[in-house]
Amino acid sequence: MKEIAEAVSTRLSSSLPAVWNVPETLSQAMDYSLMAGGKRLRPLLVVAAAEALGGSRDAAMPVACAVEMVHTYSLIHDDLPALDNDDFRRGKPTNHKVFGEAMAILAGDGLLTHAFYSVVQASRQQGVSAESALAIVEELSRFAGPGGMVGGQVADMQGEQGVTDLDQLRYIHEHKTGDLIVFSVRAGGHIASGNAEQLEALERYGRALGHAFQIQDDILDLIGDESKLGKKTQSDVIQQKVTYPYFIGIEASRAEVERLTSEAKQALQNGAIPNPQRLLEIADLLLRRDH
Ligand SMILES: CC(C)=CCC/C(C)=C/CC/C(C)=C/COP(=O)(O)OP(=O)(O)O
Ligand SMILES: O=P(O)(O)OP(=O)(O)O
Ligand SMILES: [Mg+2]
Ligand SMILES: [Mg+2]
């Protein structure tokens, strides 16, 4: 897993073609957050899902980088004063604290658009079929866009201002966090030309994993270690956010993370996925994560 994360970092750090003459500050701002020490979970899921179906790591790499670009843009914008107004992320000052708000907005815009360029490179450089690339572009727009992550972020923001019930909270989790995780595993499936049954199994895995992941994120915001997390805890309490622990308490939230983790693993065990081992390990790893 470390090896994959390193390969992703290497490719990400050289992903803007030199001939484009990108303004120096813009590429620095994009690089700053791309290289700030993320866990590379989503790229790992793209690669692991592709390999679980016998696809190649090289073919998965441009799409793995694309999802990390979208994820990174979302964190830069999430931290802006107009949204969560956070000063630290991954132990470092947030993008707007270093480059200013205007440049942070534009660095996010640059990452989002460049992600689609990177998906196309899977086809141009790695021989992923044009049809698979088209499916991946379609799903990236859907899962990251208004019907996906952006919609979830809007619901999250509106939830801060009004009443949220458990159903609405599930909607927020499903979209703001779950959809990019579902995208990641489905994209890996497309790279390996998976069939409908395989894509469905990967989606069910990703759905349960994404939900578990956000509940764990909310637990860590309450009781995690700031030095491990690299950001201030208690931000949900301060912003009066309604979270799983708020509704059902920490112990029940933990139990829910465990239940969802086994649900995720179960989804891979009906024989549709030939090599599910790494995906199963990732699920267990996330269950135990402390940052
Ligand atoms: C449109 C918009 C602004 C959307 C923002 C959506 C948003 C902030 C969702 C939160 C997702 C989440 C739990 C991130 C932490 O990921 P992680 O623990 O994998 O982070 P890492 O990359 O630092 O490891
Ligand atoms: O800042 P994060 O990554 O913990 O996400 P959220 O804003 O969804 O709490
Ligand atoms: Mg937020
Ligand atoms: Mg935030």
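Small disclaimer: the values here were computed from a predicted structure and weren't measured. (Residues numbered from 1 in each chain as written. Chains lettered and ligands numbered in written order. Predicted model: local features only at pLDDT ≥ 70, side-chain atom pairs only at ≥ 80, totals over all residues. Heavy atoms only, no water.)

Draft legend 1. Fine view of the coordination of the magnesium ion (ligand 4). Coordination sphere of the magnesium ion (ligand 4), protein contribution only: Asp 78 (OD) and Asp 84 (OD), at 2.1 to 2.2 Å. Taken as a pair, the magnesium ion (ligand 4) and the magnesium ion (ligand 3) lie 3.3 Å from each other and share Asp 78 as a ligand. With respect to class, Asp 78 is no different from Asp 84; both count as buried. (Donors = N, O, S within 2.8 Å, 3.2 Å for Na, K, Ca; no water. Buried < 20%, exposed > 50% of the residue type's maximum accessible area, 1.4 Å probe, protein only.)

Draft legend 2. Quick look at the coordination of the magnesium ion (ligand 3). All of the protein donors around the magnesium ion (ligand 3) are Asp 78 (OD) and Asp 84 (OD); their distances to the metal are 2.2 Å. The exposure class assigned to Asp 84 is buried, which follows from its relative accessible area of 14%.

Draft legend 3. Up close: the site of ligand 2. Close contacts around ligand 2 come from Leu 75, Asp 78, Asp 84, Arg 89, Lys 176, Asp 217 and Lys 231, and that covers them all. At 2.6 Å, a side-chain N or O of Asp 84 approaches an oxygen atom of ligand 2. Between ligand 2 and the protein, one listed contact pairs an oxygen atom with a side-chain N or O atom of Lys 176 at 2.6 Å. In isolation ligand 2 exposes 270 Å². Once the protein is present, 85% of that is buried. (Near = heavy atom within 4 Å. Polar contact = N/O pair within 3.5 Å; in protein donor to acceptor, adjacent residues only side chain to side chain. Areas by Shrake-Rupley, 256 points an atom, 1.4 Å probe, with all protein chains shown as cover.)

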